[in-house]
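Examination of the molecular architecture
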Amino acid sequence: DTAVSQTPKYLVTQMGNDKSIKCEQNLGHDTMYWYKQDSKKFLKIMFSYNNKELIINETVPNRFSPKSPDKAHLNLHINSLELGDSAVYFCASSPQGVGNQPQHFGDGTRLSIL
Amino acid sequence: SQQGEEDPQALSIQEGENATMNCSYRTSINNLQWYRQNSGRGLVHLILIRSNEREKHSGRLRVTLDTSKKSSSLLITASRAADTASYFCATYTGTASKLTFGTGTRLQVTL
């Protein structure tokens, strides 16, 4: 009964490949997010969707394309992977209203680029 | 840009001692939130304190907010080994529709 689940947990791939990370939440929340955490543990927002609509796109390269088929799912597709994309990617969700409610996080997807 | 900076970066204490972590931020906020991250896991929300509040408690956690100094502190009393984790503050300004996370404090509680 995991609240926010991401798959896969680990992703090891070569430069230039395309990969996807899936996220699902069963909390009934309206807002979902993708964050990137670097090797120094710095956590930065990438995208935010509210009810399937994009509301935040934080100057992320357009190789990253989020897709929200419904408000319970937010997937992240990455094209032409680069070494600098190595990081842990977290999906999160919150009730409607970005920032004024607690966010619930998945356990992350550790992406390693060879 | 980085809104919150936490101090200290790392803290090592013995079980039963209190742990205090500080967070400073730059711009006016609507609220400030504290999260815990255990190794290899996602962040877990601990406490949300609004800009018109000065102190909040939750179990062994006590959070203070001083908007005049643009700072907040998280106090964990009677720490346990299970409190070993990284702790992050996050600010919400109310204008930019996002939380901005601090740099985190790594807390190690030893037996």
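Residues numbered from 1 in each chain as written. Chains lettered and ligands numbered in written order. Predicted model: local features only at pLDDT ≥ 70, side-chain atom pairs only at ≥ 80, totals over all residues. Heavy atoms only, no water.

As for the sheet that holds strand S1 (residues 4–7) of chain A
All names here are of chain A. Overall, antiparallel pairing links the four strands, which are arranged S1-S3-S8-S7 in an open sheet. Of all strands in the sheet, those bounded by a partner on one side alone are S1 and strand S7 (64–70). This sheet shows a mean twist of 20 degrees between the axes of neighbouring strands, independent of strand direction. In the sheet, strand S3 (residues 19–25) pairs with strand S8 (residues 73–78) via four bridges, with the strands oriented antiparallel. Its bridge partner lying in S8, Ser20 is registered against His77. (Pairing = 2+ DSSP bridges. Helix = DSSP H or I, 4+ residues; strand = E, 2+ residues; numbered from the N terminus. Axes fitted to C-alpha atoms, helices over the stretch in contact; angles between N-to-C directions.)

Focus: the nonpolar core
Within the largest apolar cluster, 22 residues are counted, with the highest numbers of intra-cluster contacts made by Met21(B), Leu32(B), Trp34(B), Leu74(B), Ile76(B), Tyr87(B) and Leu107(B). Contributing elements (two or more residues each) for this core: strand S2 (10–14), strand S3 (19–24), strand S4 (31–37), strand S5 (43–50), strand S7 (61–66), strand S8 (71–76), strand S9 (85–92) and strand S11 (105–110) of chain B. With residues near it in sequence (within four places) discarded, Ile76(B) still touches Glu17(B), Asn18(B), Ala19(B), Met21(B), Arg60(B), Leu61(B), Asp83(B), Tyr87(B) and Leu107(B). Core analysis: the next-biggest nonpolar cluster, separate from the first, contains 20 residues, Val4(A), Leu76(A), Leu81(A) and Ile113(A) among them. (Core = buried A, V, L, I, M, F, W, Y, C linked by side-chain atoms within 4.5 Å. Buried < 20%, exposed > 50% of the residue type's maximum accessible area, 1.4 Å probe, protein only. Contact = heavy atoms within 4.5 Å.)

Examining the environment of Asn50(A)
Residues and elements named next belong to chain A. Relative to the helices and strands, Asn50 is located in strand S5 (residues 43–50). The class of Asn50 is buried, set by a relative accessible area of 18%. A polar contact of 2.7 Å, which involves the side chain of Asn50, links it to the side chain of Thr31. (Polar contact = N/O pair within 3.5 Å; in protein donor to acceptor, adjacent residues only side chain to side chain.)

Overview of the environment of Val98(A)
Among the secondary structure elements, Val98(A) is positioned in the loop between strand S9 (87–94) and strand S10 (104–105). A relative accessible area of 8% means that Val98(A) is categorised as buried. Taking the C-alpha atoms as reference points, Val98(A) and Cys23(A), separated by 75 residues in sequence, lie 18 Å from one another. Once you skip the residues sitting within four places of it in the chain, Val98(A) turns out to touch Thr31(A), Tyr33(A), Ser48(A), Ile55(A), Tyr92(B), Ser97(B) and Lys98(B).

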